[in-house]
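Here is how the chains run, residue by residue.
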Amino acid sequence: MPRKMEIEYPDTLPDLLQESPEEFEREAKMAMAVKLFELKRVSSGIAAEIVGMDRVSFLLALHRYGVEMINMDLEELASDIEDF
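I will try to describe carefully the structure that is included in this document. (Residues numbered from 1 in each chain as written. Predicted model: local features only at pLDDT ≥ 70, side-chain atom pairs only at ≥ 80, totals over all residues. Heavy atoms only, no water.)

Now for the packing of aromatic side chains. This model, assessed by the stated rule, comprises two aromatic pairs. For the pair Phe-37 and Phe-58, a centre-to-centre distance of 5.9 Å together with 90° between the ring planes defines the contact as edge-to-face. Of this pair, Phe-37 sits in helix 2 (residues 21-38) while Phe-58 sits in helix 4 (residues 55-61), and the two are 21 residues apart along the sequence. On the basis of relative accessibility, which here comes to 7%, the residue Phe-37 falls in the buried class. Its relative accessible area of 0% is what places Phe-58 among the buried residues. (Phe/Tyr/Trp six-rings, centres within 6.5 Å; stacked < 30°, edge-to-face > 60°. Helix = DSSP H or I, 4+ residues; strand = E, 2+ residues; numbered from the N terminus. Buried < 20%, exposed > 50% of the residue type's maximum accessible area, 1.4 Å probe, protein only.)

Here it is as structure tokens:
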């Protein structure tokens, strides 16, 4: 069973960002998932699950946050190529 997390924020924050509370909360959840993926704390599949998206849609949305779809450094990529 999934767990829930509650985060308090000022009532005025969505208005300041010109978003509805629902839009703001969806965006905050996406930002958390993207950052966890960028830091290699979770896979793209888990990050997509956090926001209720399929993996491909999540990967395609990463550009909006300036995050690369392929989250590997050169050594990891070279190792994967060698193993292929």
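Here the narrative resumes, following the displayed structure.
Another aspect to go through is the environment of Arg-26. Summarising the element assignment, Arg-26 is placed in helix 2. The class for Arg-26 is exposed, based on a relative accessible area of 55%. For Arg-26 and Met-5, which are 21 residues apart along the polypeptide, the C-alpha to C-alpha distance reads 13 Å.

Okay, the environment of Leu-62 next. Within the fold, Leu-62 resides in the loop between helix 4 and helix 5 (74-83). Distance in space between the C-alpha atoms of Leu-62 and Arg-41 is 16 Å, their sequence separation being 21 residues. If near-sequence neighbours (up to four positions away) are discounted, Leu-62 is found in contact with Val-34, Phe-37, Val-67, Glu-68 and Met-69. (Contact = heavy atoms within 4.5 Å.)

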